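Notes for the structure review
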Amino acid sequence: MQFRFLRFILISTLLLHILPCKALSASEIDIVNVDIRDMIAQKMIIDLRYFCEPDSTALHAPSQQKSGVCLKPMTQLPSAIEAFLSENKLGGVILFSENLVNPNQTLSLIHDLQVANAKGHQIPLYIGLDQEGGRVMRLPREHFQSFLGNMALAAVDEKNAISLTQQTASYTAQALKALGFNLNFAPVLDVNSNPENPIINVRAYSQFPQKVADLGISYIQQLQKYDIAAVAKHFPGHGDTYTDSHLGLPRVDHTLDTIKSVDLYPFAQAINHAELDMIMTAHIQYPELDDSVFRSKDGNKTITPATFSKKILTELLREQMGFDGIIVTDALDMAAISQFYTEREAVMKAFEAGADIALMPFKISTKEEANSFSKMLDDLSLQIEKDRSLQKHLVESYKRIIAHKTQRKLAEQATLSLKKKEQALSDWFQSRGMLTVADNLADDISKASFTQIKAPNHPLFPLKKDRSIYAVMSDKRRCQALAASFDLKGFTQFRCNSLLSETIDTKPNENIIIIGDISPALSFYESREFEGMSPQQRKNLKEQESKLDSLIQTAQGNEKFTILFLQRSPYVTQRQFNDFDAIYASYDYQVYPRVKNSEDKDNMLLFAPSFETFVEVLLDNHEPIGKAPVNLLIE
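It should be emphasised that the depicted structure is a prediction, and the values quoted were computed from it without experimental measurement. (Residues numbered from 1 in each chain as written. Predicted model: local features only at pLDDT ≥ 70, side-chain atom pairs only at ≥ 80, totals over all residues. Heavy atoms only, no water.)

Check the secondary structure of the chain and you find 22 helices and 22 strands. Every one of the 635 residues in the chain was classed for burial, and the buried ones make up 61%. Partitioning the contacts of the chain with sequence separation of at least 6, the portion at a separation of at least 24 is 78%. (Helix = DSSP H or I, 4+ residues; strand = E, 2+ residues; numbered from the N terminus. Buried < 20%, exposed > 50% of the residue type's maximum accessible area, 1.4 Å probe, protein only. Contact = heavy atoms within 4.5 Å.)

The following block contains the structure:
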């Protein structure tokens with residue numbers, strides 16, 4: 001289908017290919033002979049996590065749990081997607097852990113995506129991912145380090161926190177660049193003011209806005225130093241919510257003063273001091289900023305979320321706060337949005353509000369879905385052709401995106417031969433020993449951030465090797481990591497059960513009891529990754545928690561030494577503070593498989609820096625030096 005051309009007398013976008021190293025301002029970008037559909041396509045970053053061919057058994061495999069749902073990871077570029085990319089001239093692709101198997105496979109997949117895209121036009125793709133660090137990591141753990149996450153960095157003393165943040169960001173940026181990524185949906189600039197926040201929590205640096213701003217700016221600057229675009233999220237703030245926006249629509253009822261001094265503060269500082277490339281919107285209602293209502297697809301009315309609010313994205317972020325970078329939505333397939341709008345309606349609402357890029361606007365896992373997405377682009381083109389104000393916004397967004405792609409030299413990286421990319425990746429990995437460097441850095445962060453919440457007051461502390469330990473961890477992998485950490489110290493009298501899959505012993509003979517807590521609880525995706533379990537195979541969580549209570553009561557009655565090991569959220573209740581003899585927080589529960597040597601790749605070690613630090617504290621009486629960057633006690 002042909003669409004009426006929008007014509008403006010500016011420089012051709014072919015300059016992007018001819019002058020890949022020269023940054024162009026938005027006013028220098030032209031759209032001569034670029035039609036509306038192509039401009040809309042540049043405003044789309046799609047998810048290609050899964051893909052099934054029409055006759056694929058993956059569409060009907062019992063392991064997929066629901067017939068007709070494709071859950072076959074796309075690790076190589078299918079011919080159907082190759083054609084789809086060349087025909088639709090999209091803005092970018094976001095990849096997930098399912099797509100990324102190892103460094104060479106990841107590099108090859110990204111190269112093939114760029115090559116397929118280049119067959120249709122000369123504007124390279126954004127290739128992005130969520131590599132926040134800590135619990136949110138997409139690169140394969142066997143080959144890369146995600147460190148301990150934002151809250152662990154904030155728990156380090158002020159003298160070293162900035163330096164360690166810069167080092168983690170530098171490693172992350174170099175790894176992403178070597179693989180072919182050019183966009184990282186990080187850092188999180190939310191201020192975690194709600195201890196019961198189910199989705200942000202340790203992904204945030206702190207509950208103190210200045211600390212969030214300082215560390216966030218340091219991270220942004222390092223990413224962008226290597227031409228990896230940083231995306232600060234989730235504007236105007238996701239830190240004080242009780243609802244996960246993947247599952248529902250959260251609401252923040254802060255006063256305007258609190259919004260300005262807490263929620264907006266880190267974003268304002270990043271805009272003013274970091275030359276921030278992008279900001280991601282939040283699917284959250286902020287009635288103090290915009291109390292207008294919309295009617296959803298089922299006819300019900302509800303308050304407009306920030307992603308669809310012109311008052312928040314255009315009047316506040318653009319005009320009042322002066323942000324001139326790219327505004328990208330959070331994933332539009334999240335329940336906070338999809339329960340209210342169709343795909344096309346959601347994209348239009350986001351564009352009308354002022355968003356430059358619609359992230360994950362349409363599920364594409366089959367050829368039929370790809371065709372439906374192409375049809376949606378046609379429909380959007382027809383709709384925008386009739387609206388002059390949306391045409392104006394479209395042109396401004398398109399120019400902003402093209403200018404940014406030249407600024408970050410996307411074409412320079414995308415057009416390299418695969419051989420040159422492979423050599424650069426090998427050089428980065430091998431000659432610098434980057435994985436060893438990164439693991440050592442993770443170990444340094446663990447030691448500097450590990451926090452003592454309640455000092456041990458028990459005759460069995462510090463632990464002696466003739467004592468015995470019974471532990472309950474969130475899953476088998478955590479049990480294995482803790483056992484390995486004790487074994488490194490020559491401590492062998494250790495037994496552990498998985499909360500996820502094994503029966504808890506409520507009357508153990510051991511005289512030291514360790515409970516590992518990973519609140520907020522592991523999502524199904526996380527637990528599936530660790531133990532490969534369906535929901536039906538898991539132990540009933542309420543029954544397990546009841547057994548934990550019985551275990552602690554029995555331990556107290558027999559004067560056993562009880563230790564609470566907080567491996568994710570550092571917040572504790574008054575009851576927990578009273579029930580345990582010692583409480584520690586690591587802010588992290590990650591375990592990394594590591595090959596012992598190149599000749600024995602089947603024999604893996606488990607590298608778990610926070611577990612090793614924990615064991616050193618217990619056995620060697622090392623006093624933790626980390627300071628919690630949040631108020632810990634929950635009333």
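After that view of the structure, there is still more to cover.
This next bit is on the confidence of the model for the chain. Interpretation of the predicted coordinates at a detailed level should be avoided for regions scoring low in pLDDT. Overall, the predicted model of the chain reaches an average pLDDT of 90, with 88% of residues at or above 70. Per-residue pLDDT stays below 50 along residues 1-21; that stretch engages in 53 contacts with residues further than four places along the chain or on separate chains. (pLDDT = per-residue confidence, 0-100.)

This paragraph deals with the sheet that holds strand 15 (residues 494-498). If you walk across this open sheet you meet the six strands as 13-19-17-16-14-15, and the pairing is mixed. Whereas interior strands pair on both sides, the edge strands pair on one side only; in this sheet they are strand 13 (451-454) and strand 15. Strand after strand, the sheet turns through a mean of 20° between neighbouring axes, direction not considered. Most of the contacts of helix 20 (residues 541-557) go to strand 16 (residues 512-517), to which it runs at about 150°, and overall it touches strand 14 (469-473), strand 15, strand 16 and strand 17 (561-566). Contacting strand 14, strand 16, strand 17 and strand 19 (582-585), helix 22 (residues 609-620) crosses the sheet at an angle of about 150° to strand 17. (Pairing = 2+ DSSP bridges. Axes fitted to C-alpha atoms, helices over the stretch in contact; angles between N-to-C directions.)

The angle between the axes and the distance between the axes are what describe a pair of packed helices. With their axes 8 Å apart at the nearest point, helix 7 (residues 209-225) and helix 9 (residues 265-273) run at an angle of 40° to one another. Crossing handedness for the pair helix 7 and helix 9: right-handed. Side by side, helix 7 and helix 9 meet where Pro-209, Gln-210, Val-212, Ala-213, Ile-217, Ile-220 and Gln-221 of the first sit next to Tyr-265, Pro-266, Gln-269, Ala-270 and His-273 of the second. Considering only residue class, the contact of helix 7 with helix 9 consists of eight nonpolar, four polar and no charged. (Left-handed = near helix turned anticlockwise from the far one by under 90°. Nonpolar A, V, L, I, M, F, W, Y, C, P; charged D, E, K, R; others polar.)

Met-44, Leu-90, Leu-113, Phe-181 and Phe-373 are the most contacted members of the largest nonpolar core, which totals 148 residues. Met-473, Phe-491, Phe-565 and Val-591 belong to the second largest nonpolar core, which has 29 residues in total. (Core = buried A, V, L, I, M, F, W, Y, C linked by side-chain atoms within 4.5 Å.)

The next thing to look at is the sheet that holds strand 6 (residues 183-184). Strand order in the open sheet formed by eight strands is 11-8-7-6-5-4-3-12, and the pairing between neighbours is parallel. Each edge of the open sheet is held by one strand with a lone partner, namely strand 11 (326-328) and strand 12 (358-359). Bridging between strand 5 (residues 126-129) and strand 6 involves two bridges; their strand directions are parallel. By the bridge assignment, Gly-128 is partnered in strand 6 with Leu-183.

Turning our attention to helix 4 (residues 103-118). The periodicity of an α-helix, 3.6 residues per turn, causes residues three or four positions apart to be oriented the same way. Between its terminal C-alpha atoms helix 4 stretches 23 Å, which fits the 22 Å expected from 16 residues at 1.5 Å a residue. Three or more residues of helix 4 are buried, namely Pro-103, Gln-105, Thr-106, Leu-107, Leu-109, Ile-110, His-111, Leu-113, Gln-114, Ala-116 and Asn-117. Lining the buried residues of helix 4 we find helix 3 (79-88), strand 4 (92-94), strand 5, helix 6 (158-179), helix 15 (410-414) and helix 16 (418-430). One side-chain oxygen of the residue at the start of helix 4 lies 3.2 Å from the amide nitrogen of Asn-104, identifying that residue as Asn-102. (Expected span 1.5 Å × (residues − 1). Polar contact = N/O pair within 3.5 Å; in protein donor to acceptor, adjacent residues only side chain to side chain.)

Throughout this description, disulfide means a covalent bond between two cysteine sulfur atoms. Inspection of every chain in the model, using the stated rule, returns two disulfides. The disulfide that involves Cys-52 links it to Cys-70, with 2.2 Å between the sulfurs. Here Cys-52 and Cys-70 share a disulfide; its torsion about the S-S bond, 85°, makes the bridge right-handed. Of the two residues, Cys-52 sits in the loop between strand 3 (44-47) and helix 3 while Cys-70 sits in the loop between strand 3 and helix 3, which places them 18 residues apart along the sequence. Accessibility assignment for this pair places Cys-52 and Cys-70 in one class, buried. Paired through a disulfide, Cys-479 and Cys-496 show a sulfur-sulfur distance of 2.1 Å. (Disulfide = S-S within 2.5 Å.)

We now examine the packing of aromatic side chains. Remark: the centre distance and the inter-plane angle together describe each pair of aromatic rings, the angle taken between the planes. Evaluated as defined, the whole model comprises 20 aromatic pairs. With centroids separated by 5.2 Å and ring planes inclined at 50°, the aromatic side chains of Phe-486 and Phe-491 adopt a geometry described as tilted. As far as the burial class goes, Phe-486 and Phe-491 line up, both buried. What links up through ring pairs into an aromatic cluster is the set Phe-144, Phe-147, Tyr-171, Trp-428 and Phe-429. Above the plane of the ring of Phe-351 lies Lys-43, whose end atom (NZ or CZ) is 4.0 Å from the centre. The ring of Phe-577 has Lys-454 sitting right over it, with the charged end atom 5.1 Å from the ring centre. (Phe/Tyr/Trp six-rings, centres within 6.5 Å; stacked < 30°, edge-to-face > 60°. Lys NZ or Arg CZ within 6 Å of the ring centre and 35° of its normal.)

In this model helix 22 runs 16 Å from its N-terminal to its C-terminal C-alpha over twelve residues, within 8% of the 16 Å that 1.5 Å per residue would give. Within helix 22, eleven of the twelve residues are buried, which leaves the element mostly enclosed by the surrounding structure. Within the span of helix 22, buried status applies to Pro-609, Ser-610, Phe-611, Glu-612, Thr-613, Phe-614, Val-615, Glu-616, Val-617, Leu-618 and Leu-619. Phi turns positive, to about 60°, at Asn-621, one or two residues after helix 22.

Given the relative accessible area of 1%, Cys-52 is considered buried. Remark: the alpha-carbon pair of Cys-52 and Pro-78, spanning 26 residues in sequence, is separated by 8.9 Å.

Residue Ala-186 is joined to Pro-187 through a cis peptide bond whose omega torsion reads 10°. Following the sequence through the fold, Pro-187 ends up in the loop between strand 6 and helix 7. Each neighbour pair has its own omega, and for Phe-461 with Pro-462 the value is -5°, a cis peptide bond. With respect to the helices and strands, Pro-462 occurs in the loop between strand 13 and strand 14. In this model, Lys-409 sits at a positive phi of 55°, which is unusual for a non-glycine residue.

The final tally for this structure, using the stated rule, is 26 salt bridges. With its nearest N and O atoms 2.8 Å apart, the salt bridge here joins Glu-132 to Lys-233. Pair noted here: Glu-132 is in the loop between strand 5 and helix 5 (150-154) and Lys-233 is in strand 7 (residues 229-235), with a separation of 101 residues, a long-range link. For the pair shown, Glu-132 and Lys-233 are each scored as buried. Asp-356 serves as the salt-bridge partner of Arg-318, at 2.5 Å between the closest nitrogen and oxygen. Of this pair, Arg-318 sits in helix 10 (residues 310-320) while Asp-356 is found in the loop between helix 12 (343-353) and strand 12, placing the two residues 38 residues apart along the sequence. (Salt bridge = Lys/Arg side-chain N within 4 Å of Asp/Glu carboxyl O.)

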